[in-house]
Amino acid sequence: MMKISMPEVTASKLTKISVAPLTNADIEGVRQVSLPDQQIKFAGTADEFLAEDSETIHRHVIKRAGNTVGFFKLDTDYASQYDFCPPKTLGLRMFVVDARYQGQGLGTGAVKALLEYLPVAYRDFNWVYLTVNCQNPAAKACYQKGGFTDTGELYWGDAAGPQHIMYAAIDADNKGKAQ
């Protein structure tokens, strides 16, 4: 009997996580992303994500093996809105991983993919900052595992309550030098 050689498929190819700017082809996949009700107050819905379109808010998708599993926004005007940010700072907003994929390491993988993407796509920026609600410890842990650092300070200006301020360097030369 002749043995047929099959191409080898590795788990890493099946679980490869990528981030990319939102395109029209991604919209239906984004609409399928959902969160449990208790998480919506922290991140929002797919409809809210799709509704905001501006020059300073750049919408992105998170994909695994080509399928949309989440989304997020990058705010190029974040530093002018928050005095805790140094100049040349992006803001990470509305970072969502579909409820069906939570607890599988996809959030951490997406954060790592984001931090690899930023120096290429946003090389004019040195930092990326975010706030994460103090009532959302799973999200905080995800960001820390992915490469963000907690400043140890809280942001009190959100209706949902106090939030941890976190950051990561975009330019490798700035690594670890929070301002």
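Residues numbered from 1 in each chain as written. Predicted model: local features only at pLDDT ≥ 70, side-chain atom pairs only at ≥ 80, totals over all residues. Heavy atoms only, no water.

1. A short note on the environment of Lys88
The line we're drawing: Going along the chain from the N terminus, every DSSP run of H or I of four or more residues is numbered as a helix, and every run of E of two or more is numbered as a strand.
One can find Lys88 in the loop between α5 (78-81) and β4 (89-97). Along the backbone, Lys88 and Phe125 are 37 residues apart, and their C-alpha atoms lie at a distance of 4.6 Å.

2. A word on the side chain of Asp75
Inclusion rule: Pairs of N or O atoms are called polar contacts if they sit within 3.5 Å, as long as, within protein, a hydrogen donor faces a hydrogen acceptor (for residues adjacent in sequence, only side-chain-to-side-chain pairs). Working rule for contacts: check all heavy atoms of both residues, and any pair within 4.5 Å makes them a contact.
The residue Asp75 is located in strand β3 (residues 67-75) in this model. Of the polar contacts made by the side chain of Asp75, one reaches the backbone nitrogen of Asp77; its length is 2.8 Å. Reaching out from Asp75, the side chain makes a polar contact with the side chain of Arg93 at a distance of 2.9 Å. Every residue in contact with Asp75, bar those within four places of it in the chain, is listed here: Thr56, Ile57, Gln81, Thr89, Leu90, Gly91 and Arg93.

3. Comments concerning the environment of Ile27
To keep it simple, the criterion reads: Only protein chains enter the accessibility calculation, which uses a 1.4 Å probe; a residue is then buried when its area is under 20% of its type maximum, exposed when over 50%, and partly exposed in between.
Structurally, the position occupied by Ile27 is in helix α2 (residues 27-31). By relative accessible area, which is 21% here, Ile27 ends up partly exposed. Sequence separation of Ile27 and Val61 is 34 residues, and the distance between their C-alpha atoms is 9.3 Å.

4. Thoughts on the packing of aromatic side chains
What counts is decided by this rule: Centres within 6.5 Å make a pair out of two Phe, Tyr or Trp rings, where for Trp the six-membered ring is used; the pair is then stacked when the planes are under 30 degrees apart, edge-to-face when over 60, and tilted otherwise.
Applying the stated criterion to the full structure yields 14 aromatic pairs. Ring plane angle 70 degrees and centroid distance 5.8 Å describe the contact between Tyr143 and Phe148, whose orientation is recorded as edge-to-face. Overall, the relative accessible area of 8% leaves Tyr143 in the buried class. Taken together, the ring pairs connect Tyr78, Tyr82, Phe84, Trp127, Tyr129, Tyr155 and Tyr167 into an aromatic cluster.

5. Regarding the pairing of strand β5 (residues 127-133)
Note the following rule: A right-handed crossover is one whose linking path, passing over the helix from the first strand to the second, runs clockwise when the strands point away from the viewer. One requirement defines pairing of two strands: DSSP has to find at least two bridges between them.
Judged by how many residues are buried, β5 sits mostly within the fold: six of seven residues are covered. Between β4 and its parallel partner β5, the chain crosses via helix α6 (residues 106-121), and the hand of that crossover is right-handed. Strand direction decides the pairing type here: β5 and strand β7 (residues 163-169), joined by seven bridges, are antiparallel. When the bridges of β7 are listed, Trp127 appears paired with Ala169.

6. Some details on the sheet that holds β5
Here is the rule: Orientation is described by lines fitted to C-alpha atoms, with helices fitted over the stretch in contact, and by angles between N-to-C directions that extend from 0 to 180 degrees.
Within the open sheet, the seven strands sit side by side as β1-β2-β3-β4-β5-β7-β6. Their pairing is mixed. Strand pairing shows two members of the sheet lacking a second neighbour, β1 (17-21) and β6 (149-155), which therefore form its edges. Each strand axis lies, on average, 30 degrees off the axis of its neighbour in the sheet, ignoring direction. Across five bridges, β1 lies against strand β2 (residues 57-64) in antiparallel orientation. Looking across to β2, one finds that Ala20 is bridged to Val61. Strands in contact with α6 are β1, β2, β3, β4, β5 and β7; relative to β1, the strand with the most contacts, it is inclined by about 50 degrees.

Fair warning: the whole summary comes from geometry, so function is off the table for now.
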